[in-house]
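What follows is each chain in one-letter form.
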Amino acid sequence: MWKFLPYIAKNLWRNRTRSALTISGAAVAMFVFTFVGSVQEGLANLNRGSQTERSLIVFQANRFCPSTSRLPEEHARILAKMPGIEEAVPIKVFMNNCRASLDLVVFHGMPAEKLRKVRDLNLVSGDWSTYEKQRDAAMVGQALARRRSLAIGDRFSIGELTVTVAGIFTAANAADESFIYTHLEFLQRMRGMKNSVGTVTQIEILLAEGTDAKAMCRSIDEKFRTGAIQTDTRPKGVFQARAVGDLVDLIGFAHYLGYACVALVLTLVGTTTLMAVQDRVREHAVLQTLGFSWQRIFGLVLVESLTVSLTGGVVGTGLALAILSWKGLAVGSEGVTIAFSTSPLLAVIGLAATSIVGLAAGIVPAWTAARAEIVESLRSI
Amino acid sequence: MPLVEIHGLTKEYHKGDQKIVPLRDASLAIDKGDFVSLMGASGSGKSTLLNLIAGIDRPTSGTIHVAGTDIASLTRTQLAHWRARNVGYIFQLYNLIPVLTAYENIELPLLLLPLARAERQKRVEIALAAVGLTDRADHYPRQLSGGQEQRVGIARAIVGDPAVVVADEPTGDLDAETSEQILHLLQRLNAELGTTLLMVTHDPKSASIARRQLRLDKGVLLEPEPPKVALAARGA
Ligand SMILES: Nc1ncnc2c1ncn2[C@@H]1O[C@H](COP(=O)(O)OP(=O)(O)OP(=O)(O)O)[C@@H](O)[C@H]1O
Ligand SMILES: [Mg+2]
């Protein structure tokens, strides 16, 4: 078949406007397809790598948005003493938007020594000693740094809050890379946050090996049930799933968008290939006269269809992944972010989908071309 | 043993109740190295007979043996492979592939044979030289004159050294002078390379360059007549 590739390429080039239009159509569809796949994979990755099975989140009861939950910081010290609890980390959450957003900026204020213990951060620039010394220092996730073009030493403001970038990190979990970590006290004392000294938004619990998470949730909530402020404790995974609940429905629906994109590529490539075949009825009859078997002609048309589809797929998927990894997009809600994934798997899926679609789209035109009667086709103009 | 042997060949088409019989009980033998012309009125079945011999059409009944193969009994795929090795087809309207250069057009049938690149190149160059178009190898069909296009068509038909070359009105679309050149070229290929040729033509003068002449009349193949008598009878 290799010997015939120049012939296929030249035929595509002969109708370059038509080929280019189809390829760009397929590319746009695959761009959207990859975007959808990216956020879906991001959602699937939400709970990966961040010890979600071993972590609990203690929140104020009946509160949903982080800006309304207030727990006494004291609770963290009480909890830390409970058997089965390894760490109790008081966290103050501050963010620019409580609702679903594509540009969610979430600050997590926590004691510096706890940050290093419970988060698996990998510094790509900056250093810990500067962070620990500086009151307004911030550790910024790489995705967010990219999105907001932040570098070490930059000052960065959201509303009344201004921090100085002391480090940029990558994390095992891509969603963590959309966070900014600061000192707890700095967040508690920021302007505009009234009466927030001594209170935190949530307490993150790291369980000791072998502790039953559900039972622990119950006993924590029981402990504070009679106090002034009740708690609502859930495993971290459950907590996050509830926070992004609305988004989950939306992302689930986007699934259909992905299918529609693939169907679009199928019809686009199918139409173009059929047109190309109809243009060349006589040419295919000539090839058959020269001794091309119907199988060979079938193959030639399939490869032509595959080439168009795959080129569109490479362009669309490649562009989507390039933009996603450059922009570091994340979608978030109620303080929990879903990072758009840019894993190589998405490229594999995109290319596999366009390959299958390219072959499928070529079947009918290829069959038409291959099974045409020679003498009859030679008479056609 | 003749190269082409036809017995009781009939081709019928059915259009509703109507039966069209472009070829009726034709029998014919063509020797290796012969140059045969086939004349007849329009619609007399010349192309039908030619296409049957070239293996791109199938008879309703009768047998066709070409180079010892009973081609009517081959499957569609076997027939395609058989054509690649045994038939060269020269079309009236050249039918070159527009996106390929003269060189690539001529090389096309060789791609179907188990030949190394160097061997293909050698053969294409010989064919190009034989039709006198060595300097036009890189030209596309649209950059060639009708006569040059037909010469590429002829080179494409002979490059694989097929058992038989058929030509359906090869000069039908060319002016008198160019036609003469093409006919002369065919005659030379037959004489020098020993190519077995079967040529359909409308023109008695063209037919007269062949070694042997056949006529078709309403699907019936007639005994060959001596060419001079045929010409005299028509007052040419
Ligand atoms: N597919 C078909 N269905 C019905 N009739 C057909 C078909 N193909 C050819 N014929 C008929 O067969 C007859 C012979 O056709 P053929 O093409 O062999 O003639 P020809 O001698 O080559 O004519 P010309 O000199 O005009 O090329 C014609 O009457 C034609 O109408
Ligand atoms: Mg004809």
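Within each chain, residues carry numbers counting from 1 in the order of the written sequence. The lettering of chains begins at A and the numbering of ligands begins at 1, in the order of writing. Where local features are concerned, this predicted model is filtered to residues with pLDDT of at least 70; where side-chain atom pairs are given and counted, the filter is 80 or more; whole-chain, interface and lining totals use all residues. With hydrogens and water set aside, each side-chain value is computed from the structure's full complement of heavy atoms.

### As for the side chain of Asn190 of chain B
Under the scheme used here, helices are H or I runs from DSSP no shorter than 4 residues and strands are E runs no shorter than 2 residues, and both carry numbers assigned from the N terminus. With respect to the helices and strands, Asn190 of chain B occurs in helix α6 (residues 176-193). Other than its neighbours up to four places away in sequence, Asn190 of chain B contacts Gly33, Asp34, Phe35, Thr195, Leu197 and Arg211 of chain B. Whether two residues touch is decided by their heavy atoms; if any such pair falls within 4.5 Å, the residues are in contact.

### Some thoughts on the site of ligand 1
Nearness of a residue to a molecule or strand requires only that one of the residue's heavy atoms be within 4 Å of it. Of all residues adjacent to ligand 1, which total 15 residues, the nearest are Ser42, Gly43, Lys46, Ser47 and Thr48 of chain B. Nearby residues around ligand 1 are contributed by chains A and B. We call two N or O atoms a polar contact when they sit within 3.5 Å, provided that within protein one can donate a hydrogen and the other can accept it, with sequence-adjacent residues counted only if both atoms are side-chain atoms. Separating an oxygen atom of ligand 1 from a backbone N or O atom of Ser44 of chain B is a distance of 3.2 Å. Accessible areas in this description were obtained via Shrake-Rupley with a 1.4 Å probe; residue shielding takes into account the shown protein chains only. Coverage of ligand 1 by the protein amounts to 72% of the 640 Å² it exposes when considered alone. The rule is simple: put a 1 Å grid over the protein atoms alone, call a set of points where a 1.4 Å probe fits but cannot get out a cavity, call an open set with protein on both sides within 12 Å along at least five of seven lines a pocket, and count a residue as lining if it has an atom within 4 Å of a point. Whether a molecule lies in a cavity or pocket depends on its atoms, and more than half of them have to be within 2 Å of the grid points. Here ligand 1 occupies the largest pocket. Of all the elements in the fold, those that place two or more residues in the shell around ligand 1 are β1 (4-15), β2 (18-30) and α1 (46-53) of chain B. Among the elements that make up the shell around ligand 1, the one with the highest residue count is α1 of chain B (three residues). When grouped by side-chain class, the residues that make up the shell around ligand 1 number four nonpolar, seven polar and four charged. For this classification, Asp, Glu, Lys and Arg are treated as charged, while Ala, Val, Leu, Ile, Met, Phe, Trp, Tyr, Cys and Pro are nonpolar and the rest, including Gly, are polar.

### Examining the side chain of Arg280 of chain A
Residues and elements named next belong to chain A. Relative to the assigned elements, Arg280 resides in the loop between α10 (245-279) and α11 (281-290). Between buried and exposed lies partly exposed: a residue is buried under 20% and exposed over 50% of the maximum accessible area for its type, with that area taken using a 1.4 Å probe on protein chains only. Assessed through its relative accessible area of 4%, Arg280 is described here as buried. In this structure the side chain of Arg280 is engaged in a polar contact, spanning 2.7 Å, whose partner is the side chain of Glu304.

### A short note on empty space enclosed by the protein
Grid points are joined across faces, edges and corners, and a volume is the space filled by probe spheres set on the points. For the structure on display, the rule yields 10 cavities of 30 Å³ or more. Taken as a whole, the largest cavity spans an internal volume of roughly 190 Å³. What lines the largest cavity is a set of 21 residues, among which His108, Phe179, Gln240, Gly335 and Val336 of chain A lie closest to the centre. For the lining of the largest cavity, the element with the most residues is helix α9 (residues 236-243) of chain A, which contributes three residues. Its residues assigned to classes, the lining of the largest cavity shows nine nonpolar, seven polar and five charged. Domain start and stop positions are those given by an automatic or database domain assignment. Counting contributing residues per domain, the lining of the largest cavity is built from domain 1 (2-45 + 246-379) and domain 2 (50-243) of chain A, each supplying no fewer than three. Computed from the structure, the second largest cavity encloses a volume of approximately 120 Å³. Lining the second largest cavity are 13 residues, and of these Val87, Gly88, Pro109, Arg156 and Ala157 of chain B sit closest to its centre. Secondary-structure elements contributing two or more residues to the lining of the second largest cavity are α11 of chain A together with α2 (76-86), β6 (87-90) and α5 (146-158) of chain B.

### Here we look at the sheet that holds strand β4 (residues 61-66) of chain B
Residue and element names in this part refer to chain B. Pairing between strands is defined by DSSP: at least two bridges between the two strands are required. What the four strands build is an open sheet, ordered β2-β1-β4-β5; its pairing is antiparallel. With partners counted over all chains shown, the strands left at the sheet margins are β2 and β5 (69-70), one partner each. Bridging between β1 and β2 involves eight bridges; their strand directions are antiparallel. When the bridges of β2 are listed, Ile6 appears paired with Leu28. Across the sheet, α1 lies against β1, β2 and β4, angled at about 120° from β1, the strand it touches most. Between N-to-C directions, angles cover 0 to 180 degrees, with each direction set by a line fitted to C-alpha atoms, over the stretch in contact for helices.

### A word on the domain arrangement of chain A
Bring the parts together and some accessible area is lost; that lost area is often taken as the interface size. All names here are of chain A. In terms of domains, chain A is made up of domain 1 (2-45 + 246-379) and domain 2 (50-243). Counting residues at the interface gives 17 residues for domain 1, matched by 23 residues for domain 2. Accessible area that two parts lose when put together, with a 1.4 Å probe and added across both, is what the buried area reports. The contact between domain 1 and domain 2 buries some 1,600 Å² in all, and 56% of this surface belongs to carbon and sulfur atoms. Within this document, salt bridges are pairs made up of a side-chain nitrogen of Lys or Arg and a carboxyl oxygen of Asp or Glu, the two lying within 4 Å of each other. At the junction of domain 1 with domain 2, the criterion picks out one salt bridge. For the salt bridge of Glu334 with Arg242, the shortest nitrogen-to-oxygen distance reads 3.6 Å. Of all the secondary-structure elements, those providing two or more residues to the side of domain 1 that touches domain 2 are α12 (294-327), β13 (330-333) and β14 (336-339).

### As for the interface of chain B and chain A
Facing the 27 residues of chain B at the interface are 26 residues of chain A. The contact between chain B and chain A buries some 2,400 Å² in all, and 61% of this surface belongs to carbon and sulfur atoms. Interface area lost by chain B to chain A is led by Arg76, Val99 and Leu112 of chain B, which between them contribute 26%. Where chain B meets chain A, there are one salt bridge. The shortest N-O distance in the salt bridge between Glu104 of chain B and Lys10 of chain A comes to 2.5 Å. Seen at the junction of chain B and chain A, the total is 10 residue pairs in polar contact (both at pLDDT 80 or more). Considering every element that reaches the side of chain B that touches chain A, the biggest residue donor is α2 of chain B, with six residues. Of the residues that constitute the side of chain B that touches chain A, the class distribution is 16 nonpolar, five polar and six charged.

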